[in-house]
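Take a look at the letters that make up each chain.
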Amino acid sequence: MAGGYAEDYTLAEMMCVAAAREFPQEGVALVGMGLPVLSGTLAKLLHAPEIAFCTEVGAFDWQPPAEGARAPIGISDLILNPGSAMVSDMVDALGSLLMGGNVTFGVLQAAQVDRLGNLNTIALGDYRNPERRLGGTGGNTEIACLAARVLTIMPQEQRRFVERVDFNTSPGYVDGPGGRRRHGLRPQGPNRVVSTMGIYGFDTADGGESGSCELVLEAVFPHLSPDVVQAETRWNLRVADTVREIEPPTVEEIDLLRRLDPYGFYLRPGRY
Amino acid sequence: MAGGYAEDYTLAEMMCVAAAREFPQEGVALVGMGLPVLSGTLAKLLHAPEIAFCTEVGAFDWQPPAEGARAPIGISDLILNPGSAMVSDMVDALGSLLMGGNVTFGVLQAAQVDRLGNLNTIALGDYRNPERRLGGTGGNTEIACLAARVLTIMPQEQRRFVERVDFNTSPGYVDGPGGRRRHGLRPQGPNRVVSTMGIYGFDTADGGESGSCELVLEAVFPHLSPDVVQAETRWNLRVADTVREIEPPTVEEIDLLRRLDPYGFYLRPGRY
Amino acid sequence: MAMSKLMSVHDAVERFVGDGDVIYAGYTSVAYGLCYEIIRQRKRRLDIVGASVGGQATLFFLAGCADRTRTGYIGGALRPGAVTRAMAEGRLRYEDYSNQAIALMLMAGALGIPFIPTRSFLGTDYLRPEYQDHPGGFLGQQKWAQMDSPFDGQPVVLLPALRPDVAVLHAQRADEEGNIQMWGHLGDARWAFWAARKVIVSVEEVVPASVIRSDPSRTVVPGFRVSAVVHLPFGAHPTSIAGYYDYDYGFSASVMRNAGRSQEDYEAFAAEWIDGVADHAAYIEHYREVFGQDALDGLAASSGTTPQDGVRYGYAPIRRFQ
Amino acid sequence: MAMSKLMSVHDAVERFVGDGDVIYAGYTSVAYGLCYEIIRQRKRRLDIVGASVGGQATLFFLAGCADRTRTGYIGGALRPGAVTRAMAEGRLRYEDYSNQAIALMLMAGALGIPFIPTRSFLGTDYLRPEYQDHPGGFLGQQKWAQMDSPFDGQPVVLLPALRPDVAVLHAQRADEEGNIQMWGHLGDARWAFWAARKVIVSVEEVVPASVIRSDPSRTVVPGFRVSAVVHLPFGAHPTSIAGYYDYDYGFSASVMRNAGRSQEDYEAFAAEWIDGVADHAAYIEHYREVFGQDALDGLAASSGTTPQDGVRYGYAPIRRFQ
């Protein structure tokens, strides 16, 4: 491992690095805006060069440029044009690609995640009279409904890791075992959540039919313990029998991650 | 009128010339394969230069080349590419264009037409055990259902002009006044039929809601009388109070028509 | 040659945008030049629709031009403060869909079908009856419906077709007849061109018809569906358009972003950048004065590639065969 | 760089076409080279689908490879005699749709939705119950359904999604990863690429990935949806493909047409032009022997235009802003 481990990095940076490492070596990723595209660009350059990186407005199999690469900013960043195998439109991307069953790996972020992996992207509090109204779900709902697997990237905070999302915009395992099937959704998984403190799997071996379908803490970031993670979680966390400590980020990972965010859109200090 | 009237021409040629003259000066024509594209190419070059000539596989607003023009042969003739304002696909053409309500003038041919303007493109005799099976409806059904007006080009023969089509693949006025509305179709008209003997309108002023909705012979070709037309029609024809005699084809029309069919695909002797 | 559809930004908006219209106002390359003009002309009671509606929608709301929206996302360049207050106070009515839903609804509108099914939304709270009739909404039971497929018995959500009164778009180029060519990300524009009753397009370049007709596979909508073509260089600023200029992150962050903080901030922005300039050419000229020609030049989409195309069309000349 | 998907016509058909498969076999530029190979390999019980199915479908039926079809039109280059006899005698089962219907059904298949509504077919005899259960058919109540829209109460026909097992297409060019570029008429191909479970594409040219990625708006389907790419010049002969060669009316009229007259005529054609040649290169070589190089050269799509494009992509380099 060239350059050794980085010594100076934030938990948000560790989150993005850990998320990038979660990208599989093959298949088709539909990568949502925000931290997903940042992590996805890092993954494409370092960990998963063969994965087809696609976006919801119509970039298919994007290869970041060899020089001067940066993460796309916003859904239609021009950097997504040259280097893509195909550039077309949203009905191709969210329709033929996603609805057609071609997305093996969806990558999302949201305002809240709950015990069963459901996400909320629309409003905090009662939807009809919210404490805080958010921008909206964008393509989050359909990726959660229709991707074969989902990785969620989400800072570990009590206000985000809640027992039940205030509004389920994006189904994980809905209301528990069999929930996806009962609502007409296909099985999904193995799903993952990467936070600023650790990595979670889910307690189901068959995409939501059996098991408790709850988040399970499988790994923690260097120097953190499951207790610290629990303190930033609103429910009584399931923890794996053996909790791995995640390999620290390398100098290469952190250097590249920072170069991919030259304007500080994603990881400017204080954002997460 | 340069060149005067042609003296040597067939009734099939007169039919194509008469059909070409029926093309309106503006709007969007969706022109079916066969005699419609031949007549449409003639119309585009001589009578209706401003009409947008479109085909069902995705040529939009085709302008025939200034030199060496010929009628397209088959639905995807390469001659339809250069000179078109847009070339795309069948969902754009039969979907967005036609279903979306943009076609002001549909041009069809068929094996049978009946008293109410319904067409048959699929089978003679009982559909379930036909005397003669035809190729199929192609885009005929949807143009008949969805275009704002329809022009049908059809040789005048007893086996084609029938009281009731053996199978209604392509609705005209279905079962009479109000028929289109009762079946969920929009009003349509003024519709026209051009045969090898004359030109018909329909007895309805409001697109099929009132009137008998039957074909009405409005004009006959030079030297023909309504009696001759009746003899090639299986029902008791309605005839307009005054039946026009159609202006004979000009030398220019016939010469160009023949140049547009250099291989005799459409009008080789004996075909109609 | 059909009649020219070229006209000024003023005339295009005056003739084809009416009070109360449902407006599709873009997603990827937003027709800001046309949107600013809609604000200048004080159009009222607009319903802003699109897969996502960005900064232009926020400007419409704050300008008092729009009081409804149907979208998957409200956001983009401007801070959300003033808009979310308007939603809470009932001054802005809204129906939340998703990017996919709106794109499909525009497709259904284009195709002239009354609805289109999706297997998205199943398992979400969106479908709960108490939310379908939410107090901020305006569609009620017309928002969507549910049924089981008659073919496989599986549940689907039926999304109603969406046919905007006007689509306002920005494209790379057009000819005078209104044949529009675009490349790069199309977002939901391809179907909006066909779904809308009227289409207004601003373009970076007006080219001869022969250029369009030499490469008809690049055309995204034929001219007969287009009501007006406006020649408007930098018409998508501060958003981007492939082949011409990139997103203006600087302007967006330093100037536009704060316009969404409060009504007062909006008024200050509008006084300088919308009502304070006569049209989009004057807006760009003002940009030059404030930031310099270098800032504008720096937006040029200069990295990346030019097509190595070798694309040909053509057909065989008339010939003999046996 | 992903694994190359380039392979021979023999291997592509052997690996990806199975007995009993539902095959989309093209419409505008028909992949005849691949279709001939399916016949050489004696695939059986195929169901041939497409908006219209041309001469290639007739060959499949007469070769004993296919016993079902769903289409808007059976026809094209071959005389219909032998096929209509097979339909009458129950050896060929068929469901009549229309061009639009099949195109929409492929679109629904691509979109993963179970059905799509249309307002076509209303008022026709197709919808009469006695014809939906016709003796030549095989879909019965799965052919289509009717309902009233929950939004406006108007009647619609619901067309079921169509997902072929294999789509067999011919395109202008691809790279080794299977990214396919096409221009000119696409017919129903655009949606077939996404609807089919497996996609086999023959191309006129295999080009470097850099060519494809320099103009990604020309790509009609990304490589990850493509199972095999076969380099097959003249692979659409006797049909045409934009930019390369026009339809071979001479061959069609003098050689192919009569193959549809009777089983005997078919056998004679197949012995010379399908089973009598090892592969498509040999077929073209045989064509040269019979008709001469001049005949092949005469098909060149030499009239017409080359794009006057000036299309550019690109983005701004990383820069500073305030």
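Look above for the structure.
Thresholds applied
- Residues numbered from 1 in each chain as written.
- Chains lettered and ligands numbered in written order.
- Predicted model: local features only at pLDDT ≥ 70, side-chain atom pairs only at ≥ 80, totals over all residues.
- Heavy atoms only, no water.
- Helix = DSSP H or I, 4+ residues; strand = E, 2+ residues; numbered from the N terminus.
- Rg over C-alpha atoms; globule rule 2.2 N^0.38 Å.
- Buried < 20%, exposed > 50% of the residue type's maximum accessible area, 1.4 Å probe, protein only.
- Contact = heavy atoms within 4.5 Å.
- Areas by Shrake-Rupley, 256 points an atom, 1.4 Å probe, with all protein chains shown as cover.
- Lys, Arg positive; Asp, Glu negative; His and termini not counted.
- Charge placed at Lys NZ, Arg CZ, Asp CG, Glu CD.
- Salt bridge = Lys/Arg side-chain N within 4 Å of Asp/Glu carboxyl O.
- Arc of directions from axis to C-beta.
- Pairing = 2+ DSSP bridges.

Student: Teacher, can you tell me more about the overall build of chain C here?
Tutor: When its secondary structure is counted, chain C shows twelve helices and twelve strands. The C-alpha radius of gyration of chain C comes to 21 Å, within 12% of the 20 Å expected for a compact globule of 322 residues. For chain C, the spread of C-alpha atoms along the principal axes amounts to about 70 × 65 × 35 Å. Considering chain C as a whole, with its 322 residues, one finds that 68% of them fall into the buried category. By sequence separation, contacts in chain C at least 24 residues apart represent 73% of the contacts at least 6 residues apart. Surface accessibility of chain C: about 9,800 Å² in total, with carbon and sulfur atoms responsible for 49%. Here chain C contributes 30 positively and 36 negatively charged side chains, and the mean placements of these two sets differ by 7 Å.

Student: What is the right way to read the overall build of chain A from this model?
Tutor: Looking only at helices and strands, chain A has seven helices and 15 strands in total. On C-alpha atoms alone, chain A measures out to a radius of gyration of 18 Å, which is about the 19 Å that the 2.2 N^0.38 rule sets for 272 residues. Its C-alpha atoms give chain A principal-axis dimensions of roughly 45 × 45 × 35 Å. A total of 272 residues make up chain A; the buried ones form 67% of that total.

Student: I'm lost on the pattern of salt bridges in this one. Help?
Tutor: Residue and element names in this part refer to chain B. If you walk through the whole model with that rule in mind, you get 70 salt bridges over all chains. Taking the shortest distance from any N to any O, the salt bridge between Arg-181 and Glu-209 comes out at 2.6 Å. Of this pair, Arg-181 sits in helix H5 (residues 179–182) while Glu-209 sits in the loop between strand S13 (198–202) and strand S14 (215–220), and the two are 28 residues apart along the sequence. Where Glu-214 meets Arg-238, a salt bridge forms, and the shortest distance between an N and an O atom there is 3.2 Å.

Student: Explain helix H1 (residues 9–16) of chain D to me, please; I cannot follow it from the model alone.
Tutor: Residue and element names in this part refer to chain D. Every buried residue of H1 is accounted for by Val-9, Ala-12, Val-13 and Phe-16. What you see down the axis of H1 is that its buried residues fit within an arc of 95°, all on one side. Where the residues of H1 are buried, they touch helix H2 (32–40), strand S8 (166–174), strand S10 (198–206) and strand S12 (228–231).

Student: Can you help me understand the sheet that holds strand S6 (residues 112–114) of chain A in this one?
Tutor: Sheets are built from strands that pair by backbone hydrogen bonding, the pairs being arranged parallel or antiparallel. Residues and elements named next belong to chain A. Taken in spatial order, the three strands make up an open sheet running S7-S6-S11, and their pairing is mixed. If you trace the sheet from one side to the other, it starts and ends with strand S7 (119–120) and strand S11 (161–162), each paired once. Here two bridges tie S6 to S11, and the two strands are oriented parallel to one another. In the sheet register, Val-113 faces S11, and the bridge partner there is Phe-161.

On their own, these measurements won't tell you what the molecule is for.
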